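These are the residues of each chain, in order.
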Amino acid sequence: MPVAHLKAVDLNYLQLPQKLSLDSPLNPLYQGEQGIEGEQDSQNDIPSNLVMVHGLATNLAFWYHLALELSVTHPVTLFDLRGHGRSSMPENGYTPPQMAEDLRELLDYLGIETAHLMAHSFGGSVILDFACAYPERVESLILVDVRLRVLQPRQRLRDWPRWKRTQRILNRIGVELDEDDPESGYQILEAIARLQMRLPKGKHRLRRLLSKLVPENSQRTASRWLKLLETTSARRDLKNIEGISLEQLQQINKPTLAIYGESSPTLPTANALKEVWTHAHFEFVPLAGHFFPVSQPQALIASVKSFLKQLNYLDNAC
Amino acid sequence: MQVTETNIHSTIINILQDMTQEWELELDGITGNTKLVEDLSFASVDIIHLVVTLEEHFKQKLGFDQLLMRGGRYVDDLSVGEIVTFVTQKLNG
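The structure contained in this document is the topic of the report that follows. As the structure is a prediction and not an experimental result, all values here were calculated from the model.

1. Looking at the pairing of strand β6 (residues 138-144) of chain A
All names here are of chain A.
- Extensive coverage of β6 is indicated by the burial of six of its seven residues.
- One ladder, built from six bridges, connects strand β5 (residues 115-120) with β6; its direction is parallel. Within the sheet, the bridge partner assigned to Met118 lies in β6 and is Ile142.
- Across four bridges, β6 lies against strand β7 (residues 256-261) in parallel orientation. Bridging across to β7, Leu141 finds its partner in Thr256.

2. Overview of the interface of chain A and chain B
- In this complex, chain A contributes 24 residues to the contact, which on the side of chain B involves 22 residues.
- Regarding the contact of chain A and chain B, the summed buried area is about 2,000 Å², with carbon and sulfur atoms giving 55% of it.
- Area buried by chain A at its contact with chain B is led by Met1(A), Arg86(A) and Arg220(A), which between them contribute 30% of it.
- Run the count over chain A and chain B and you get two salt bridges.
- Between Asp46(B) and Arg220(A) there is a salt bridge whose closest N-O contact spans 3.0 Å.

3. Things to note about empty space enclosed by the protein
Residues and elements named next belong to chain A.
- Within this structure, the stated rule accounts for three cavities of 30 Å³ or more.
- Volume-wise, the largest cavity comes out at about 90 Å³.
- Considering the residues around the largest cavity, the lining is formed by Leu56, Ala57, Leu189, Ile192, Ala193, Gln196, Val214, Pro215, Glu216, Thr221, Ala222 and Trp225.
- For the lining of the largest cavity, the secondary structure elements donating two or more residues are α6 (184-198) and α8 (219-231).
- Ranked by residues supplied to the lining of the largest cavity, first place goes to α6 with four residues.
- For the lining of the largest cavity, the class distribution of residues is nine nonpolar, two polar and one charged.

4. Some points on the nonpolar core
Residue and element names in this part refer to chain A.
- Phe79, Leu117, Leu128, Leu170, Trp225 and Leu273 are the most contacted members of the largest nonpolar core, which has 75 residues in total.
- When residues of this core are assigned to their parent elements, the largest contribution, seven residues, is made by α6.
- Dropping the residues within four chain positions of it, Leu170 is found in contact with Trp163, Val175, Leu177, Ile188, Ile192 and Leu213.

5. Let's talk about the pattern of salt bridges
- All told, the structure shown has 18 salt bridges over all chains when counted by the stated rule.
- Note that Asp46(B) is salt-bridged to Arg86(A), the shortest N-O span being 3.0 Å. With Asp46(B) in helix α2 (residues 44-58) and Arg86(A) in the loop between β4 (76-79) and α3 (96-110), the pair connects residues from two separate chains.
- Relative accessible area serves as the criterion here: at 1%, Asp46(B) is assigned to the buried category.

6. Quick word on the sheet that holds strand β3 (residues 49-53) of chain A
Residue and element names in this part refer to chain A.
- Ordered in space as β1-β2-β4-β3-β5-β6-β7-β8, the eight strands form an open sheet in which the pairing is mixed. Strands at the two margins of the open sheet, each flanked by one partner only, are β1 (3-5) and β8 (281-285). On average, each strand axis in the sheet is inclined to that of its neighbour by 25°, with strand direction left out of account.

7. A short note on the pairing of β4(A)
Residues and elements named next belong to chain A.
- The two faces of β4 match: Val76 and Leu78 on one face and Thr77 and Phe79 on the other face are all buried.
- Of the strand pairs in this sheet, strand β2 (residues 10-16) and β4 are connected by four bridges, and their pairing is antiparallel. Along β4, the bridge assignment pairs Leu14 with Leu78.
- In the sheet, β3 pairs with β4 via three bridges, with the strands oriented parallel. Pairing of Val51 across the sheet is with Thr77, part of β4.
- In the classification by handedness, the crossover that spans β3, the intervening helix α2 (residues 64-70) and the parallel β4 is right-handed.

8. What to know about the layout of surface pockets
- Considering only enclosed or pocket space, the second largest pocket measures out at about 830 Å³ in volume.
- In this structure, the second largest pocket is lined by 29 residues; those nearest its centre are Arg220(A), Ser223(A), Glu22(B), Trp23(B) and Ser41(B).
- Mapped onto the lining of the second largest pocket, the elements with two or more residues apiece are α8 of chain A together with α1 (5-20) and α2 of chain B.
- Ranked by residues supplied to the lining of the second largest pocket, first place goes to α8(A) with seven residues.
- Counted by class, the lining of the second largest pocket contains eight nonpolar, ten polar and eleven charged residues.

9. So, the environment of Ala115(A)
Residue and element names in this part refer to chain A.
- Here Ala115 lies in strand β5.
- Along the backbone, Ala115 and Ser140 are 25 residues apart, and their C-alpha atoms lie at a distance of 7.3 Å.
- Each residue touching Ala115, except ones within four places of it in the same chain, is listed here: Ser48, Asn49, Val51, Arg137, Val138, Glu139 and Ser140.

10. A closer look at the side chain of His49(B)
- Within the secondary structure layout, His49(B) lies in helix α2.
- Sequence-distant contacts of His49(B), that is, excluding residues within four places in its chain, are made with Met1(A), Arg86(A) and Met19(B).

Rules of the game
Residues numbered from 1 in each chain as written. Chains lettered and ligands numbered in written order. Predicted model: local features only at pLDDT ≥ 70, side-chain atom pairs only at ≥ 80, totals over all residues. Heavy atoms only, no water. Buried < 20%, exposed > 50% of the residue type's maximum accessible area, 1.4 Å probe, protein only. Helix = DSSP H or I, 4+ residues; strand = E, 2+ residues; numbered from the N terminus. Pairing = 2+ DSSP bridges. Contact = heavy atoms within 4.5 Å. Buried area = accessible area lost by both parts, 1.4 Å probe. Salt bridge = Lys/Arg side-chain N within 4 Å of Asp/Glu carboxyl O. 1 Å grid on protein atoms, 1.4 Å probe; cavity = no way out; pocket = protein on both sides within 12 Å on 5 of 7 lines; lining within 4 Å. Points joined across faces, edges and corners; volume = space filled by probe spheres on them. Nonpolar A, V, L, I, M, F, W, Y, C, P; charged D, E, K, R; others polar. Core = buried A, V, L, I, M, F, W, Y, C linked by side-chain atoms within 4.5 Å. Axes fitted to C-alpha atoms, helices over the stretch in contact; angles between N-to-C directions. Right-handed = clockwise from strand over helix to strand, strands pointing away.

Right, here's the structure in full:
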């Protein structure tokens, strides 16, 4: 895979070209012959890139399957955040604003002027910081199960919709966690990474259980996550995130799809965000937890396709 | 032109050896039975890297999604032999 050598980091990335041009009747964005004639510049026929940002302790593969489907109508760019996947692991720079700068540098490197930005979990904080710093480069935002501290200051395990059930699974595999830790997401990612490192080969049943809790089920990713926490400023940076302010959130007025799992621990963010962002479209995936892009990819693909299609109609109507 | 299964097997083994040479694996060698996740400690991004490298090598899209996904979910693991068979069918099918 190609690597972008940026100022302070090397980012691994993957670009999927748009599979069907807009003049193909098979393309869901096809406007008919009149629509094509109406285009004045062939450059305008190419929709903006969809750039997909993954969350913590995973990598660009988190989005790969969805990216293949979404690349039917849009060119798609995936990349590994710094310290993740096959990107380099600098000693510091793990706050969302710093990673938003990585994203800006990557877009410059790839010659992408404007993009639709889609992100899961922590990646959402990165694209929101990007949208605040560079609003002119954002076509639209797709937030997938993103928790925002300004709207949900604490995320305790005891408040998770399915905590008792999850706790029983964790206890069965020997993991005890602090129910009152306000930053439980980091706690659970670290505990499971440590368990993955000591799990003997061939323990498929246990690994399957773990895959219900985290998206990535390999020792290599677990070891990289632990290395990131132990040898860089990531643990400190992530704990001390101030996060986007309410005023900044209120200023973001890009077309937005916010989609959450109905049983996700980030639901308080979704409910509060609905009050702040009256312009955004909210969807809730039934029977879905935080990692529904992996467990129920088709639900997300359908929502994103429909959102992008609607944007395209609006663009053509203007 | 047909590409033989033996050639595809050697190509895939060479690519895997290149990818893993600095990983300090406790492994005697890579064979058809070697599993990507269990034996080579592949992360999901390494599987995508392998896919991209193979498509670049054979200069065509191979539709790996059919191999990586079953029932709408990623498969737990894949053996080298399964990949060789899949690529052989795609190139010669």
